[in-house]
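What the coordinates show
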Amino acid sequence: MKHKIKYILLSLLSLFIFGVGIFLFIVDQKNIGERNAWALLKDKVQNSSQEPVNLVVCWTPLQMLIAEKIIESHPNEKFYTIVMSHSGKNEKYDYYSSILSQKSERFYSFYIEPQSQNKLFVYTSLLELKLKSLLFPPLKTIYLAHISSPEIHTLVSTYPTVEIRTFDDGSSNLLKKSVFLNNANRISTGKTSRKFYEIFINSTQSVKSVRERSIEHYTIFKDLKNIMDDGHRKMTYLPLFDVSKLKPSKEIKDTIKILLGSPEKEMKEISEKAIKHFGIKYATLHPRQRYELSNAIILQSPYIIEDYMLKEIEKNPHIRYEIYTFFSGAALMMKDFPNVSVYALKPSSLPSNYWLTPIYELFQKSDIPILEFDDKEK
């Protein structure tokens with residue numbers, strides 16, 4: 001009797017989620033039609049012999065910029081683009097997604113509810129992706145970076161024979177203990193959730209299977225060992241920023257210090273102490289950062305920090321910039337910018353087994369000075 005009730009409840013829940021998913025599948029006023037599937041459906045009905053297209057999936061402004069470069073390197077091919085976010089939209093998200101949408105044949109951008117906050121809407125989003133993927137034209141290649149997300153697994157499971165090419169998700173591709181080397185499926189492991197996932201989403205993919213299906217990987221880091229470089233796929237260097245026109249100045253008139261923000265809440269107090277300790281005047285906020293810094297001027301810009309710095313260097317060739325960071329992979333990109341010095345900060349309060357500690361080894365290998373400071377002092 002208990003099992004019968006359980007399956008009835010599961011069926012009712014599944015039907016509800018299915019209905020919500022259908023609604024999002026058809027129209028989404030919150031995202032101003034960006035999730036509307038009518039264009040896909042119309043193409044499918046009116047043109048049964050559609051030309052094969054590429055699909056590129058992004059999560060962050062950096063990934064969008066990489067996707068833009070990939071699309072530019074294939075000028076004779078069509079790209080459908082899906083841009084997702086777990087943290088909502090912001091100025092940088094809007095700026096880079098706007099550029100990417102102009103280079104895409106079809107463009108979709110929407111918010112995915114984090115599993116930790118609301119599992120129900122996670123599944124409606126996964127169902128929406130599954131339904132939408134069934135309406136795509138024949139796919140030639142799927143380009144993606146975030147190989148550990150269930151959303152990615154849901155999409156690629158619809159096309160088990162389509163070739164996959166991957167690209168960097170930032171410094172995560174350089175860490176020996178990267179989540180991208182984890183072979184687990186990250187969707188909720190509850191029995192009811194798993195049953196729904198198996199019945200309606202029918203995803204057969206995992207971190208390992210998506211990683212192994214990648215036949216080529218685009219990396220933005222030229223001389224650093226990438227976790228995708230295991231001898232089984234082609235590795236392609238994809239430069240993002242052209243600094244050839246910018247030359248170091250021999251006449252420095254001023255120095256500007258900038259702290260790169262961190263999304264982790266526990267870094268707020270540490271960041272403010274670092275600003276005071278090193279005499280830092282300016283700070284940038286990470287796209288996922290939800291706290292303010294009270295003792296620094298926040299630089300407001302639609303550009304990711306690398307783009308922002310290149311524009312500043314061009315405008316102010318006689319200023320030296322000092323960039324301070326705790327964990328940001330952007331430091332690896334900017335360390336060779338002219339008139340820029342990058343420093344990694346290592347506060348004493350962080351335990352030796354802190355989850356991002358391995359990035360300090362990466363900074364050392366990249367000749368980025370590590371400045372230890374005592375943040376326990378009041």
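What comes next concerns the included structure. All of these numbers come straight from a predicted model, not from anything done at the bench.

Further remarks concern the pattern of salt bridges. With the rule as written, the count across this model stands at 13 salt bridges. Where Lys268 meets Glu272, a salt bridge forms, and the shortest distance between an N and an O atom there is 3.1 Å. With Lys268 and Glu272 both in helix α9 (residues 267-278), this residue pair falls four residues apart, about one helical turn. Lys268 gets classed as partly exposed once you look at its relative accessible area, which sits at 31%. A salt bridge links Glu312 to Lys315, with the shortest nitrogen-to-oxygen separation between them at 3.1 Å. Note that Glu312 and Lys315 are positioned in helix α10 (residues 305-315) at a spacing of three residues, about one turn of the helix. Residue classification places Lys315 among the exposed residues on the basis of a relative accessible area of 58%. Residues participating in the shared-partner salt-bridge network are Glu163, Arg165, Glu216 and Lys234.

Glancing now at α10. Counting buried positions over the 11 residues of α10 gives eight, a clear majority of the element. Turning to α10, its buried residues number three or more, namely Ile305, Glu306, Asp307, Tyr308, Met309, Leu310, Glu312 and Ile313.

This brings us to the pairing of strand β5 (residues 163-167). Put simply, side chains in a regular strand alternate between the two faces of the sheet. Burial runs high along β5: four of the five residues are buried. Note: strand β4 (residues 139-144) against β5, four bridges, orientation parallel. Its bridge partner lying in β5, Leu144 is registered against Thr166. Handedness of the crossover joining β4 and β5 through helix α6 (residues 150-157): right-handed. With four bridges connecting them, β5 and strand β6 (residues 214-219) associate as parallel partners. Bridge pairing in β6 places Arg165 opposite Glu216.

Conventions and cut-offs
- Residues numbered from 1 in each chain as written.
- Predicted model: local features only at pLDDT ≥ 70, side-chain atom pairs only at ≥ 80, totals over all residues.
- Heavy atoms only, no water.
- Salt bridge = Lys/Arg side-chain N within 4 Å of Asp/Glu carboxyl O.
- Helix = DSSP H or I, 4+ residues; strand = E, 2+ residues; numbered from the N terminus.
- Buried < 20%, exposed > 50% of the residue type's maximum accessible area, 1.4 Å probe, protein only.
- Pairing = 2+ DSSP bridges.
- Right-handed = clockwise from strand over helix to strand, strands pointing away.

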